[in-house]
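# Notes for the structure review
Listed below, chain by chain, are the residues.
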Amino acid sequence: MKSPRRMLLAASLLFLLPAPTPCSSAPRAPSGPQLSHGHACLGCVLIVSIVEQLTQVHNSTIREEMERLCSFLPEKLFLKSICYLAAEMFGPDVIKLLSLKMNADVVCHALHFCKQEPGQPLCHLYSPPQGGLKRALSRARKSIGHSPLRTSAGDVSGICSLPALAKICQKIEYILNTSLPWEDADGDKHSAFPTWRGFYWRGRDCDDRNRDVHPGRRPENWDAQQDSNCNGIWGTDPKDGIPYEKKFCEGSEAKGLIVMGDSAAAHFHIPPEWLTAAHMSAQTFSNLPMALSNELDWPQLSGMTGFLNSASRSPDLSVYLRLRQRNRCNHRDYQNISRNGASSGNLLKFLGSLSRNQLLDHPAIVVYTMLGNDVCNGKSDTESAMSTPEALRAHVLEALALLDSRLPRGSHVVLYGLADGRFLWDTLHARLHPLGQLNRDVTYEQLYAFLSCLQVNPCQGWMNANETLRTLTSRRAAQLSNVLEEIAASEKFANLSLLYLDYPLKEISEEWQRRGGETWQLIEPSDGFHPSEAAAQLTARFFWDKVLRRWPRVLGKENPFNAQIERLFGDQGGH
Ligand code: CA
Ligand code: CA
């Protein structure tokens, strides 16, 4: 069983609580959420808090609210069953502890989801109860006694060994292991299904039985017979016998967009509604299975490769949609190969998932965008785990050499600088986290400290009360950006040209305020770390404007036949 799937299985068993490791320790493989004791503890504290808050909102019992929460979860991926099972297993203890007015921290320590490591403090999200956390905990343990089930509860990897869960684990494992017909039938890495790295990530395959047919290829025989590049343009004009693809797309400088980035580029997002007891309903979790099968990323709404409308979408288009608007022959030619936790250090491990044929396909614009993972990690000695300028340089050059061997001539690589994450603390630390809104008891400062204590803080350097450390992290980020800028200015490749752009944090923030927005809205509310959809959309706008102004040839010409293509082919088969 592949590791991301095992992680997913473990995640489902934790009632699908997010493993928010968007940005994580630099050198590890970005293979999806990496679950640890810290995540088990975090998941437990979130769920128990939500149950507790539901009882306040509905003025009812803990048992009723556990049932209500489970009833809200969808059946897909066994979410509802797992929830009921968990309620059965842990419910009686949770009920006992919550009715003794213990808070979620105490409950989760008592149930062993949270563990105190030797020499480490007791981690807590909420202010400690009167008399201290230790005393409350020993009272809690006394009141529920000892059970072997509980001691293994925090052990995520061992959770399937629990007799009660073994059957469900087997079932899920079977489903995940059976070859998934929807993944990618012909191995060209494009798929006709949205999730599991399907067309939410790269253009939809219009023939999933033929690897020579996929978005981005140069058309075979001008697509007179069939649409070999899935851009919706094919057939022959009956008036003159000329294939439409030749008429409308020849010499149009068609090209695709490939994004290799981190969780920000894939648009990592945990809807705050999932954490807000006040308005929870079955509707709240309807998108949970989809989000889980996309690693909690929403590339279909991302600033780079997004193509769907969301409720909150601002009028700005993604870079892909702008490229498509400029030349409709580019329809469906996008790939988002970004990973949660990606950095220069682990980029080479997933670069192989790129799909581009040097001989058959159109050139591409590749955007390298790693906003923070080279300086962000959860280690207590965070500085020693940051990428050095030398290491970043070596890794990026290696990746570029590989791209040069894979991409068609005339491709471009845009290297994005790192963000200055001091903005996170400055904007959020005193604000309330969604979980703290009901009782005004959880600020981002508390959340960051809790994540640090659990060693799952996605960015110890920036999500931290220590100003000296935040400044040091920004200084390293600036050094690394300089290296990228220097590479773009000095290195030459046969098939690629290199460009560099600073991450436009200041411009985004000014533009957002000009539109009447507030700075905190530019950050994901649930994790207090990632750029929000609004920020991603503005990033796309500034990306486009800058490239168009400074290097218009990168984007290709505006296609004079766009209106005719639209008239004849409509939405070109959609996305
Ligand atoms: Ca295909
Ligand atoms: Ca075509």
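A brief report on the enclosed structure follows.

Criteria and thresholds
- Residues numbered from 1 in each chain as written.
- Chains lettered and ligands numbered in written order.
- Predicted model: local features only at pLDDT ≥ 70, side-chain atom pairs only at ≥ 80, totals over all residues.
- Heavy atoms only, no water.
- Helix = DSSP H or I, 4+ residues; strand = E, 2+ residues; numbered from the N terminus.
- Buried < 20%, exposed > 50% of the residue type's maximum accessible area, 1.4 Å probe, protein only.
- Contact = heavy atoms within 4.5 Å.
- Areas by Shrake-Rupley, 256 points an atom, 1.4 Å probe, with all protein chains shown as cover.
- Donors = N, O, S within 2.8 Å, 3.2 Å for Na, K, Ca; no water.
- Phe/Tyr/Trp six-rings, centres within 6.5 Å; stacked < 30°, edge-to-face > 60°.
- Lys NZ or Arg CZ within 6 Å of the ring centre and 35° of its normal.
- Pairing = 2+ DSSP bridges.
- Salt bridge = Lys/Arg side-chain N within 4 Å of Asp/Glu carboxyl O.
- Core = buried A, V, L, I, M, F, W, Y, C linked by side-chain atoms within 4.5 Å.
- Axes fitted to C-alpha atoms, helices over the stretch in contact; angles between N-to-C directions.

Right, let's get into the overall build of the chain. Helix and strand counts for the chain stand at 20 helices and 5 strands. A burial count over the chain gives 60% of its 575 residues as buried. Considering only contacts within the chain whose residues lie at least 6 apart along the sequence, 71% involve residues at least 24 apart. If you sum the accessible surface of the chain, you get close to 23,300 Å²; carbon and sulfur atoms cover 53% of it.

Attention now goes to the coordination of the calcium ion (ligand 2). Distances from the calcium ion (ligand 2) to its protein donors, namely D223 (OD), D227 (OD), N229 (OD1), N231 (OD1), I233 (O) and E245 (OE), fall within the range 2.2 to 2.4 Å. In the primary structure, the donors to the calcium ion (ligand 2) are separated according to the pattern D-x3-D-x1-N-x1-N-x1-I-x11-E. Of the residues examined, N231 reaches a relative accessible area of 0% and is grouped as buried.

The coordination sphere of the calcium ion (ligand 1), as far as protein atoms go, consists of D186 (OD), D188 (OD), D205 (OD), D205 (OD), D207 (O), N210 (O) and V213 (O), spread over 2.2 to 2.7 Å. The motif formed by the donor residues of the calcium ion (ligand 1), counted along the single chain, is D-x1-D-x16-D-x1-D-x2-N-x2-V. Placement of D186 in the loop between α8 (163-177) and α9 (244-249) and of V213 in the loop between α8 and α9 is noted, with a sequence separation of 27 residues between them. For D186, a relative accessible area of 11% puts it in the buried group.

Examined against the element boundaries, G461 turns out to sit in the loop between α15 (444-453) and α16 (467-490). When the C-alpha atoms of G461 and T473 are compared, they prove to be 5.5 Å apart, with 12 residues separating the residues in sequence. Excluding residues that lie within four positions of it along the chain, G461 makes contacts with T382, L469, R470 and T473.

What follows deals with the packing of aromatic side chains. Counting across every chain of the model gives 12 aromatic pairs. Judged by centre distance (6.0 Å) and plane angle (40 degrees), the ring pair of Y416 and F543 falls under tilted. Of the two residues, Y416 sits in strand β4 (residues 411-416) while F543 sits in helix α18 (residues 533-550), which places them 127 residues apart along the sequence. In this structure, Y416 and F543 share a single accessibility class: buried. Aromatic rings pair up to connect F199, Y200, F307, Y320 and Y334 into one cluster. Here the basic side chain of R431 rests over the ring of W520, its NZ or CZ set 4.2 Å away from the ring centre. Over the aromatic face of F542 sits the side chain of R541, whose NZ or CZ is 5.3 Å from the ring centroid.

Taken across its 6 residues, β4 has 6 buried, putting it largely inside the fold. A two-sided burial pattern is seen for β4, the buried positions comprising S411, V413 and L415 on one face and H412, V414 and Y416 on the other. Pairing of strand β3 (residues 364-369) with β4 involves 4 bridges; the strand directions are parallel. Across the sheet, V366 pairs through a bridge with V413, a residue of β4. Note: β4 against strand β5 (residues 496-501), 6 bridges, orientation parallel. What sits directly across from H412, in β5, is S497.

So, about the pattern of salt bridges. Under the definition given, this model contains 18 salt bridges. A salt bridge links R197 to E295; its shortest N-O distance comes to 2.8 Å. In this pair, R197 is assigned in the loop between α8 and α9 and E295 in the loop between α10 (288-292) and α11 (319-326), connecting sequence segments 98 residues apart. Per residue, the accessibility class of R197 equals that of E295, and both read buried. Notably, a salt bridge pairs R422 with D420, separated by 2.8 Å at the nearest N-O pair. On the accessibility criterion, R422 (31% relative accessible area) is partly exposed. Its relative accessible area of 30% is what places D420 among the partly exposed residues.

All right, on to the nonpolar core then. Formed by 147 residues in total, the largest nonpolar core has its most connected members in V45, Y368, L403, L415 and F543. No other element matches the 11 residues that helix α2 (residues 37-58) contributes to this core. Apart from the residues within four sequence positions on either side, F543 is in contact with M304, V319, V367, V414, Y416 and L501. Formed by 8 residues, the second largest nonpolar core is a distinct cluster that contains Y244, F248, I565 and F569.

By the secondary structure assignment, R211 is in the loop between α8 and α9. Measuring from C-alpha to C-alpha, the distance between R211 and K189 comes to 8.6 Å, with 22 residues separating the pair along the chain. In this structure, R211 is in contact with D186, G187 and D188, ignoring residues within four places of it in sequence.

Turning our attention to the pairing of strand β1 (residues 256-261). The buried fraction of β1 amounts to 6 of the 6 residues, a majority that puts the element mostly inside the structure. Side chains G256, I258 and M260 project from β1 onto one buried face, and the interleaved L257, V259 and G261 project onto a second face that is buried too. Judged from the 6 bridges that link them, β1 and β3 form a sheet pairing that is parallel. Pairing of M260 across the sheet is with Y368, part of β3. Bridge count between β1 and strand β2 (residues 334-336): 3 bridges; the pairing is parallel. Bridged to V259 within β2 is N336.

Next up on the list: the environment of R209. With respect to the helices and strands, R209 occurs in the loop between α8 and α9. Note: C-alpha distance between R209 and D186 (23 residues apart in sequence) is 5.0 Å.

Right, let's talk about the sheet that holds β4 for a bit. The sheet built from 5 strands is open, its strands ordered β2-β1-β3-β4-β5 with parallel pairing. A strand with exactly one partner marks an edge of an open sheet, and here the two such strands are β2 and β5. Strand-to-strand twist in this sheet, taken as the mean axis angle between neighbours without regard to direction, amounts to 15 degrees. Along the sheet, α16 contacts β3, β4 and β5; its crossing angle with β5, the most-contacted strand, is approximately 145 degrees.

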